[in-house]
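# Secondary and tertiary structure notes
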Amino acid sequence: MGTEVRNTNRPDKGTKAQTPFNRKFHRMWQDRQLYIMMAIPLVFLILFSYWPMYGVLISFQKFSPTRGIFGSRWIGWANFGRFFSTPSATRTIANTFRLSLYSLIAGIPFPILLALLLNECRGTRYKKTVQMVTYAPYFISTVVMVAILFQLLDPRTGLVNVFLNKLGTGPVDFMTNQSLFRSVYVWSGIWQGTGFNAIIYISALSAVDQELYEAARIDGANRMQKIWYIDLPSILPTFTIMFIMSCGSIMSVGFEKVYLMQNSANLAVSEVLSTYTYKMGLINLDYGYSSAVGLFNSVINTFFIVLVNFICRRASETSLW
């Protein structure tokens, strides 16, 4: 009798050969929960960040809401030329840059210092209490925060001026004093955000290998030496990334707080690009002009983040790209 030979290389009739596409789809289906989680922020980014980007076209138009973006008259660079020819352009750009630079420089050391102090604290309950108290102000809304400032700095009934009257220095109208506007804005922001910004540095310090501390202790290093040679180098990459991202928004001063603190007395130092864009666009209904100012602001921020990222990549091994 002949022996039946079966070809094992050929797939059975009930099975189907898997193509590379089928294998990839099968793997994606196995990890579908992760892809769904990734899709949520991706859809948000596309809808609210990339899809509206075609709206920058109105920066080069005499925009009319009735005609729409594709029906409005094209005027090229006229809106940009109009902005730079106005006397308020230089003042507004200078105010924005000074306020942002003040906030950036003054706000650098405090989150790092708080994280280092909390990292050295051995009492768990005390450490958690201090951390909760320090980051709680971050969740105060901007409107409430400015209302608190007005109450505390009121020339007649404010707690700060009551204390100054006790010292015999007399009341100070902080909210209308041009020379004090930037300091009030910056230091109130530092008080509000230091605890929250310190969280990321605390996380970086918690990832430090404990054997480094043990080795430093055996070598006779004191507490300050451990901070200088272990803690600070450990959080340096985190600080670099945070610094690059902060420089990328150096011309984007928060609109809400500045606008709420703004009045006719301090307008010369409080008028920034975000408030100027709001007034020209939504109050004066000059959409094309305000869009041009906003586009200029975005271009400057992009330039700064690319420049600072390039410098950090040359100076260290840490950068965004």
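This one's a predicted model, so the numbers in the text were calculated from it and none came from an experiment.

Under the criterion given, the structure shown has 24 aromatic pairs. Ring plane angle 90 degrees and centroid distance 5.6 Å describe the contact between Tyr138 and Phe139, whose orientation is recorded as edge-to-face. Both rings, one in Phe139 and one in Phe196, keep their centres 6.2 Å apart while their planes meet at 90 degrees; by these two values the pair is edge-to-face. Taken together, the positions of Phe139 in the loop between α6 (124–135) and α7 (142–152) and Phe196 in helix α9 (residues 178–206) put the pair 57 residues apart, joining distant regions of the chain. The class for Phe196 is partly exposed, based on a relative accessible area of 32%. Cluster of aromatic residues (ring-pair linked, three or more members): Phe83, Phe84, Tyr276, Tyr289 and Phe296.

Before going further, it helps to examine the pattern of salt bridges. For the coordinates displayed, the defined rule picks out four salt bridges. For the salt bridge of Arg217 with Glu214, the shortest nitrogen-to-oxygen distance reads 3.0 Å. Of the two residues, Arg217 and Glu214 are both situated in helix α10 (residues 210–218); the distance of three residues between them amounts to about one turn of the helix. A residue is classified by how much of its surface remains accessible, and Glu214, at 44% relative accessible area, is partly exposed.

The predicted model of the chain has a mean per-residue pLDDT of 87, with 94% of residues at 70 or higher. α7 holds the highest mean pLDDT among the elements of the chain, 93, whereas helix α1 (residues 20–30) holds the lowest, 80.

Right, let's talk about α10 for a bit. For α10, the capping residue at the N-terminal end is Asp209, with a side-chain oxygen 3.1 Å from the backbone nitrogen of Glu211. In the stretch just after α10, Gly220 is the one whose phi turns positive, near 90 degrees.

In this section: helix α5 (residues 109–120). Taking 1.5 Å of rise per residue, twelve residues should cover 16 Å, and α5 covers 17 Å from first to last C-alpha, within 8% of that figure. Of all the residues in α5, the buried ones are Pro111, Ile112, Leu114, Ala115, Leu116, Leu118, Asn119 and Glu120. For α5, the elements touching its buried residues are α4 (87–107), α6, α9, α10 and α11 (223–247).

To continue, consider a nonpolar patch on the surface. On the surface, Leu42, Leu45, Ile46, Tyr50 and Met53 cluster together into a nonpolar patch covering about 490 Å² of accessible area. Judged by relative accessible area, Tyr50 falls into the exposed class, the value being 52%.

One can find Ser59 in the loop between α2 (32–50) and β1 (61–62). With residues up to four places along the chain from it excluded, the contact list for Ser59 reads Gly76, Asn79, Phe80, Gly288, Ser291, Ala292 and Leu295.

Tracing the backbone shows Arg122 in the loop between α5 and α6. Within the structure, the side chain of Arg122 is placed 3.1 Å from the backbone oxygen of Asn119, a separation counted as a polar contact.

Below, the discussion takes up the environment of Ile140. On the secondary structure map, Ile140 appears in the loop between α6 and α7. Relative accessible area serves as the criterion here: at 24%, Ile140 is assigned to the partly exposed category. When the C-alpha atoms of Ile140 and Tyr126 are compared, they prove to be 23 Å apart, with 14 residues separating the residues in sequence.

Reading the values: rules and limits
Residues numbered from 1 in each chain as written. Predicted model: local features only at pLDDT ≥ 70, side-chain atom pairs only at ≥ 80, totals over all residues. Heavy atoms only, no water. Phe/Tyr/Trp six-rings, centres within 6.5 Å; stacked < 30°, edge-to-face > 60°. Helix = DSSP H or I, 4+ residues; strand = E, 2+ residues; numbered from the N terminus. Buried < 20%, exposed > 50% of the residue type's maximum accessible area, 1.4 Å probe, protein only. Salt bridge = Lys/Arg side-chain N within 4 Å of Asp/Glu carboxyl O. pLDDT = per-residue confidence, 0-100. Polar contact = N/O pair within 3.5 Å; in protein donor to acceptor, adjacent residues only side chain to side chain. Expected span 1.5 Å × (residues − 1). Contact = heavy atoms within 4.5 Å. Patch = residues over 30% accessible without salt bridge, like charges linked within 9 Å, V, L, I, M, F, W, Y side chains within 5 Å. Areas by Shrake-Rupley, 256 points an atom, 1.4 Å probe, with all protein chains shown as cover.

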